Structure formats: structure tokens, C-alpha cells
Amino acid sequence: MNRFIPRALMAPAVVSLFLWMIVPLVMTIYFSVIRYNLMQPDQTGFIGLENFEYFVTDPSFGTAVMNTLLLLGSVILITVVLGTLIALLIDEPFPGRGLVRILLISPFFVMPTVNALLWKHMMMNPIYGVLAQVWMFFGGTPVDWLTDFPLFSVIVIVSWQWLPFATLIFITSLQSMNREQLEASRMDGANYLQQLRYLYLPHLARSVAIVVMIEMIFLLSVFAEIYTTTGGGPGDASTNVAFLIFKQALLNFDAGVASAGALFAVVLANIAAVFLIRMVGKNLDK
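Residues numbered from 1 in each chain as written. Predicted model: local features only at pLDDT ≥ 70, side-chain atom pairs only at ≥ 80, totals over all residues. Heavy atoms only, no water.

K.L.:
It is not clear to me how the overall build of the protein should be interpreted in this structure. Could you clarify?
P.N.:
Along its length, the protein carries 13 helices and two strands. Taking 2.2 N^0.38 as the reference for a compact globule, 286 residues should give roughly 19 Å; the C-alpha atoms of the protein span a radius of gyration of 24 Å, well beyond that estimate. Projected onto its principal axes, the C-alpha coordinates of the protein cover approximately 80 × 75 × 30 Å. Counting every position in the protein, which comprises 286 residues, the buried fraction comes to 37%. (Helix = DSSP H or I, 4+ residues; strand = E, 2+ residues; numbered from the N terminus. Rg over C-alpha atoms; globule rule 2.2 N^0.38 Å. Buried < 20%, exposed > 50% of the residue type's maximum accessible area, 1.4 Å probe, protein only.)

Structure below.
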């Protein structure tokens, strides 16, 4: 009875959570193996793996996968490197440090759509944007970033929003460093670069692993920034896997192919998660 009562009390929550997870997955698997196009409701039936074949043979598929990997790798690299530098820069006490930290963290709380609109109209607009005004001030020709460099623009927009997250994690990690060890290294004649290599960076290793894992999970599904700014274009220049699934689902009204694409994204995310969990586990064991 001592074991039964706690399990009985937990059962409704466990069952609800299980159904909340398993029902959408089962429906996605079901729709992925049938013909289900909203424009052709009379043509239905089991078609096996044809939806998967159609999705992976889509001319946009290869470009979407490459763009997803480039977006993922670039944003993680930018946020980890700049986040580490900023965290080290503001780690030492200085007047107004609290206010600076608040300002650095605040972009992370901006909604993705608002973030994209801010960059699209305030920063990257080729006529009245801040970057265009700076270009014209120095006598240059304004650049239409979202047309000429669409994927790079999306990378900058997403990096700007995720950089505060990485910085916050690294700042928190630096607060737990052994200050006596740092003082001892200074007394032994170690310069800042040596402290950075042998003390700061090894101490930040776990935090870097956690940041990489969390960002990779969320960045695989970047959508709002692309939809709001470039619309996946020009052509497929800024289309990632999430936006390709959206095109199949809502623009082509093909729920079957979109479900197949969603399962492909789930498999991709799980493959990445396996490596990330191992990497984080090794760092936590050290």
C-alpha cells in the first residue's frame, strides 16, 4: 500500500503527459503513410513511404538541410565565442555593472517575431534602416541585406536573440570560480592569456556544453525569423527544414508530405541529441 498510493496519485498526470506526447506522434506517423492533400480530399489511401520519398526528392530539400546546418553551426559558434568574451569582459566589478548585465540579457526576452520585425525594418531596411544610414554617412551604397545576403541576415537576427542566453549562462558559471586560485596564479606570475587557457576556459567547459545542447534543440526549429523577414527566399536561399515543412503543409496543402518531413526533423533532432547528451555527460563527469 505504501507504494501503491503514491503511484495511484501520480497516474493521472503520467497518463495525461503520455497521451499528450504519444497521440500527436501517432497521428503524424499515420498521416505520413497515407495520401492526404487538402486540395484533393477524395484521393486518400495508404501509400507507404511515398511521402518520405517525395519530401527528400524535393528540389528544395538539399538546400534546406544545408541551410539548417549552416544556421545551426553559425549561431552556436557566434553565441559561444561572443558570449564567452562578453562574460569575461563584465566579470570584473565596474560602475554600472548591474545595469549593463540587465541590458545584455534583455534581447533574449524579445519574441522571435518582434525581433525579426525590428531587424527587418529598423536595422536592415535598405532605405531608412540604421545600417543603410551608416553606409550613406560614409559615402557607401546601402545594402539590401535580406535580398542580397538572406541566410547571413537570418543568422545575425537569431544570434542577436540567443547571445544574451549564452552570456547569462557563462556569467553565472564565472561567479562560481575559485578566486583564491586566480589570485594564486597571479602571484605565481601567470598572465591573463595563461589564466584564460588553464583556468577560465576549462571552468566554462560544462557551461559551453549545456549552451550548445539547448541552442541546438531550439535552433533546429527556427521559423518565425525566416517567415517574417525573407519568406525562405529569394528562391530557397534561406529555407531551412522547418520552413520547408511549412511550405509543404500550408502552401501546398499536403498534410501527408508535411508529416513525413516532420518525422524527418524528429529523427534529425534525436541524432543530434544523442551526440549532445554524450558530450554533456562527459563534461559533467569531469
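Still more ground to cover, so stick around.
K.L.:
Looking at this structure, I do not really get the nonpolar core. What am I missing?
P.N.:
Grouped together as the largest cluster of nonpolar side chains are 33 residues, with contacts concentrated most on Ile 76, Val 158, Phe 170, Leu 174 and Leu 219. Elements supplying a minimum of two residues to this core: helix H3 (61-89), helix H8 (150-175), helix H10 (192-219) and helix H12 (241-251). The contact partners of Phe 170, leaving out residues within four places of it in the chain, are Thr 79, Val 80, Gly 83, Thr 84, Ala 87, Leu 204, Ser 207, Val 208 and Val 211. If you look at the next biggest cluster of nonpolar residues, it comprises nine residues, including Phe 61, Ala 64, Val 257 and Ala 258. (Core = buried A, V, L, I, M, F, W, Y, C linked by side-chain atoms within 4.5 Å. Contact = heavy atoms within 4.5 Å.)

K.L.:
Is there a simple way to explain the side chain of Thr 167 in this structure?
P.N.:
Among the structural elements, Thr 167 can be located in helix H8. Here Thr 167 falls in the buried class, since its relative accessible area comes to 2%. Those residues in contact with Thr 167 that lie beyond four places of it in its chain are Gly 83, Ile 86 and Ala 87.

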